[in-house]
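Chain and residue survey
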Amino acid sequence: MTGNNLLITEGKEFSSNTLSLLTNHFKIKILKESSSIYKEDLTQINFLWIRLHEYIGVEILNKAPHLKAIITATTGLDCIDLNECEKRNIQIVSLTNETKFLKEIKSTAELTIALLFLLLRNIVPAINDVVSNGNWDRDAFKGYELYGKTVGIIGYGRLGKIVARYLKSFGTKVLIYDPYVIEKSKYVIQVSLEKFFTSSDIISIHAKHTIETHKMITADLFSLIQKPIYFINTARGEIVDEEALLKALEQGKIKKAAIDVISSETKQNIKNNKLIKYAQHHDNLIITPHLGGCCYEPFEKTELFIAKKLIEFYCSSSSD
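This paragraph deals with the overall build of the chain. Within the chain, the regular secondary structure consists of 12 helices and 12 strands. Over its C-alpha trace the chain gives a radius of gyration of 22 Å, about what one expects of a compact globule, namely 20 Å for 320 residues. Overall size of the chain, expressed as C-alpha extent along the three principal axes, is 65 × 50 × 35 Å. Counting every position in the chain, which comprises 320 residues, the buried fraction comes to 48%.

Printed below as a string of structure tokens:
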């Protein structure tokens, strides 16, 4: 079989079991740093394995005339120019719509709960005050219980359902909004999007990023907030109007926020992002670098799953 050159662009701590499997089918080259792809000769590359760090657009695609498929062990595909790939007949091998398999991947839901407790219990500033300042002042960091709070979950798919189950175990009231789901359950209450912003103590985003959800969280919705809320986004940055989020933080509509995502993560100079600049000088915003699925176990599971999916695609295309 020919045309089996595979470039793995983010090879640091890549699954050894997956690599062993792939070696039986592909000639592999591994880049430790994804940014090296811009210096790499891609003229003979047939398969490109990426994570989330670099944007695969026209600039890179023009350098890879023999590219057959882009492989990513992720559900979101914001880091790929899908329209351009379709024009060039480049296939995408990903976790999109692999619902059955993904039910066992819970790391993003776990991070959501972790971020929620960081907000409620003032854990980060308390640690910094002890370690950096040598203080031992617990009253300065008095927090709030999660028990009894009303939590609104926007997007009631796989992750939204997992987060809802976790939250119910803490004794919360869970509201959900998802126009594509009709939920009849004694554990959650389905409400309108506007109801979320008038009734929730905490709002957590778990929707997919689509044309319909692009910047769906607007200034008008934030204006409905009647008492300061906590806000969490571990989905995609593009779902939220970031200018509106920034203003809601400045105005105190949002008491504290934790976000694991920002818009255009792979297309911009991160240091210039307005939310990051704000967080450098304010303690009511926590930002993490898209850690949702970034755990050893999910990486191992998803990379092995996607490798098998790639091999199936490769073998079928080679036999055509």
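Additional details are given in the paragraphs that follow.
Summed over all chains, the structure comprises 10 aromatic pairs. Centre to centre, the rings of F26 and Y314 are 4.8 Å apart; their planes meet at 40°, and the pair counts as tilted. In this pair, F26 is assigned in the loop between α1 (16-23) and β2 (27-30) and Y314 in helix α12 (residues 296-318), connecting sequence segments 288 residues apart. Accessibility assignment for this pair places F26 and Y314 in one class, buried.

With that out of the way, let us pick up the sheet that holds strand β10 (residues 229-233). Sheet architecture is open: 7 strands sit in the order β8-β7-β6-β9-β10-β11-β12, paired in parallel fashion. One side of each edge strand has no neighbouring strand; the edge strands of this open sheet are β8 (188-190) and β12 (285-287). Direction aside, neighbouring strands of the sheet carry axes that sit 20° apart on average. Bridge analysis of strand β9 (residues 202-205) against β10 gives 4 bridges, and the strand direction is parallel. Counted as the bridge partner of I205 is N233 from β10.

So, about the environment of P228. Relative to the helices and strands, P228 is located in the loop between α9 (219-222) and β10. On the basis of relative accessible area, P228 is assigned to the partly exposed category, the value being 47%. Sequence spacing of P228 and I254 is 26 residues, and the spatial spacing of their C-alpha atoms is 5.1 Å. Each residue touching P228, except ones within four places of it in the same chain, is listed here: G252, K253 and K255.

For the rest of this paragraph, the subject is the pattern of salt bridges. Pairing between side chains of opposite charge can happen when their charged atoms approach one another. Scanning the entire structure with this criterion turns up 8 salt bridges. Measuring nitrogen to oxygen at the nearest pair gives 2.7 Å for the salt bridge that ties E98 to K309. Of the two residues, E98 is situated in the loop between β5 (91-93) and α4 (99-102) and K309 in helix α12; the sequence distance between them amounts to 211 residues. According to the relative accessible area criterion, E98 is partly exposed, its value standing at 22%. Here K309 falls in the partly exposed class, since its relative accessible area comes to 26%. What emerges from the salt-bridge pattern is a single network uniting E84, K87 and R88.

Reading across from one edge, β2-β1-β3-β4-β5 is the order of the 5 strands in this open sheet, with parallel pairing throughout. Pairing within the sheet leaves two strands with one partner each, and these edge strands are β2 and β5. This sheet shows a mean twist of 20° between the axes of neighbouring strands, independent of strand direction. Pairing analysis gives 4 bridges linking strand β1 (residues 5-8) to β2, with the strands arranged parallel. Considered in β2, the bridge of L7 is made with K29.

The rules we used
Residues numbered from 1 in each chain as written. Predicted model: local features only at pLDDT ≥ 70, side-chain atom pairs only at ≥ 80, totals over all residues. Heavy atoms only, no water. Helix = DSSP H or I, 4+ residues; strand = E, 2+ residues; numbered from the N terminus. Rg over C-alpha atoms; globule rule 2.2 N^0.38 Å. Buried < 20%, exposed > 50% of the residue type's maximum accessible area, 1.4 Å probe, protein only. Phe/Tyr/Trp six-rings, centres within 6.5 Å; stacked < 30°, edge-to-face > 60°. Pairing = 2+ DSSP bridges. Axes fitted to C-alpha atoms, helices over the stretch in contact; angles between N-to-C directions. Contact = heavy atoms within 4.5 Å. Salt bridge = Lys/Arg side-chain N within 4 Å of Asp/Glu carboxyl O.

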